[in-house]
Amino acid sequence: MAEEIYSPGLEGVIAGETAISTIAGGLQYRGYSVESLADHCSFEEVAFLVLEGELPQANQLAAFRDQLNDAMFINSEIVETLGKLPESSSMMDVMRTGVSMLAHWDPETGDNSHEANLRKSIRLLAQLPVVMAARERLRKGKKPIEPDAELSLAGNVLWQLFGEKPTESFARAMDVSLILYAEHEYNASTFTSRVVASTLSDLHSAIAAAIGALKGPLHGGANERVLEVLQEVGSSERAAKWVREALDNKRRIMGFGHRVYKTGDPRAVYLKTLCAELAVGRSEFEDMEQIAETIEQAVTSEKGLPPNLDWPSARLYHYMDIPVDLYTPLFVVSRVVGWSAHVIEQHDNNRLIRPRARYNGKSERTWLPISER
Ligand SMILES: CC(C)(COP(=O)(O)OP(=O)(O)OC[C@H]1O[C@@H](n2cnc3c(N)ncnc32)[C@H](O)[C@@H]1OP(=O)(O)O)[C@@H](O)C(=O)NCCC(=O)NCCS
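The notes below deal with the structure included here. (Residues numbered from 1 in each chain as written. Predicted model: local features only at pLDDT ≥ 70, side-chain atom pairs only at ≥ 80, totals over all residues. Heavy atoms only, no water.)

The terminal C-alpha atoms of helix α10 (residues 203-214), which comprises twelve residues, lie 16 Å apart, in line with the 16 Å expected from a rise of 1.5 Å per residue. Burial in α10 covers these residues: L203, H204, A206, I207, A208, A210, I211 and L214. Against the buried residues of α10 lie α5 (91-105), α6 (114-139), α9 (188-198) and α16 (327-348). Structurally, the start of α10 carries an N-cap: the backbone nitrogen of H204 is 3.2 Å from a side-chain oxygen of D202. (Helix = DSSP H or I, 4+ residues; strand = E, 2+ residues; numbered from the N terminus. Expected span 1.5 Å × (residues − 1). Buried < 20%, exposed > 50% of the residue type's maximum accessible area, 1.4 Å probe, protein only. Contact = heavy atoms within 4.5 Å. Polar contact = N/O pair within 3.5 Å; in protein donor to acceptor, adjacent residues only side chain to side chain.)

Quick look at the structure:
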């Protein structure tokens, strides 16, 4: 029997091994710093790297793009159902339902072999933006837009949402945000996907469960609440007072703090520069940059909490006019890469994940007949 170790929230616990990414000494995907990947690669190259373990050669990237383009369409029954979901359905619930529906039409849903898992991952990567954009348009009474094989995955996200070819700077900003969100070791949703995969359940089930975990405001859901903070503060002058009051009231300020990055999230640092670039020349957004900076300084000096990736990504998406409730679904569109890689790694070398609990309930009780309780 192994030594009994207990850490609430599994904080600091090594719960498994992975060759996909590490956060020790900065975030690295397969040994490459996330900054160097964001500087030089497209999201498609990074997705290939995370899934396959190596950066693609030119012919491999072309083949990967072809696979994505071939899969970038969803069955008409799925589109129809997306249009019929209640108006009140949250977009994250739509994404979860989307994955569940895609499983019914995927030709290899029940095949957990390495090769089938890879093919399914690529199909999901191609299909999830289509699900998100189709639902977004349908709920606004518009017709879904077919993906354009000439555009990148990031470009297609914007094209299918807005029906206009994205500017180069918007397509690049979306691409970078997808790269930064793609993978992050044993976070709550990834761990969820591995727990599901470890029962030898299938990839689609693991991804649907991971979406459920990502939805929560302490995880992916935070990026949708960040804009509320910026709007509530409203001006740089109010920032310091607002932060002090929020902290005095024990309020959690969304977009700050992290379970493992205690001195700063490198992804947030990287994306902040891109936010500032996108805001240039648009006074309303330049003001928002100022407000964000003042809040950042106040939270850091009052509580020593640095921003996480959700802090700048919310602004970035706002500057691209993306509806707030698509911020976490965009996280899904990207993180499906990391989740899939972890499911594949788990299936390739499986051991059922089944920890123990420390019992703190009552004991040694005597059963009584119902008439005497
Ligand atoms: C991400 C998060 C859950 C990590 O939390 P954690 O590792 O469990 O940290 P703890 O909850 O132990 O917090 C440590 C201290 O910092 C405070 N704290 C942490 N994040 C905070 C935040 N965003 N705003 C205000 N206070 C915060 C806690 O209240 C606690 O204060 P105390 O010691 O005075 O009681 C937490 O930082 C958080 O809720 N952030 C906001 C949501 C968010 O942005 N999530 C996205 C993560 S990528």
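Picking up where we left off.
Attention now moves to the side chain of D106. Note on placement: D106 falls in the loop between α5 and α6. Among the residues examined, D106 registers a relative accessible area of 10% and is labelled buried. A polar atom in the side chain of D106 sits 2.9 Å from the backbone nitrogen of E108. Polar side-chain contacts of D106 include one of 2.8 Å to the side chain of R123. Other than its neighbours up to four places away in sequence, D106 contacts K120, R123 and H204.

All right, on to the site of the ligand then. Lining the immediate surroundings of the ligand are 19 residues, of which R252, I253, G255, F256 and K303 lie closest. With respect to the ligand, the backbone of I253 contributes an N or O atom lying 2.7 Å from a nitrogen atom. Between the ligand and G255 there is a distance of 2.9 Å, counted from an oxygen atom to a backbone nitrogen or oxygen. Considered on its own, the ligand offers 860 Å² of accessible surface; in the complex 71% of this is hidden by protein. Of the residues in the shell around the ligand, the class split is eight nonpolar, five polar and six charged. (Near = heavy atom within 4 Å. Areas by Shrake-Rupley, 256 points an atom, 1.4 Å probe, with all protein chains shown as cover. Nonpolar A, V, L, I, M, F, W, Y, C, P; charged D, E, K, R; others polar.)

Take E45: it is sitting in helix α2 (residues 43-52). Look at E45: it is buried, it has no salt bridge, and the nearest opposite charge is R65 at 5.8 Å. Those residues in contact with E45 that lie beyond four places of it in its chain are H40, L55, P56 and L61. (Lys, Arg positive; Asp, Glu negative; His and termini not counted. Salt bridge = Lys/Arg side-chain N within 4 Å of Asp/Glu carboxyl O.)

Burial runs high along helix α15 (residues 310-319): ten of the ten residues are buried. Among the structural elements, α8 (168-181), α11 (222-233), α13 (266-279), α14 (283-303) and α16 are those in contact with the buried residues of α15. Downstream of α15 by one or two residues, D321 has phi in the positive range, about 65 degrees.

Take the nonpolar core next. Side chains of a nonpolar character, in soluble globular proteins, are inclined to be buried together. Counting residues in hydrophobic clusters, the biggest one holds 110 residues, and the most contacted among them are M174 and I295. No fewer than three residues from each of domain 1 (16-218 + 326-348) and domain 2 (222-319) sit in this core. Setting aside residues up to four positions removed in sequence, M174 forms contacts with A154, V157, L158, Y317, M320, I322 and L330. (Core = buried A, V, L, I, M, F, W, Y, C linked by side-chain atoms within 4.5 Å. Domains from an automatic or database assignment.)

Counting across every chain of the model gives 21 salt bridges. Here R123 makes a salt bridge to D106, at a shortest N to O gap of 2.8 Å. Here R123, found in helix α6, pairs with D106, found in the loop between α5 and α6; they are 17 residues apart in sequence, far enough to count as distant. You can call R123 buried: its relative accessible area is 17%. E345 is the salt-bridge partner of R194, the closest N and O atoms lying 2.7 Å from each other. Of this pair, R194 sits in helix α9 while E345 is found in helix α16, placing the two residues 151 residues apart along the sequence. R194 sits in the buried class, given a relative accessible area of 3%. Among the charged side chains, a salt-bridge network with shared partners connects D106, E108, R119 and R123.

With that settled, consider a nonpolar patch on the surface. Taken together, the side chains of I5, L10 and V13 define a hydrophobic patch exposed on the protein surface, amounting to about 280 Å² of accessible area. Tracing the backbone shows V13 in the segment before β1 (21-22). (Patch = residues over 30% accessible without salt bridge, like charges linked within 9 Å, V, L, I, M, F, W, Y side chains within 5 Å.)

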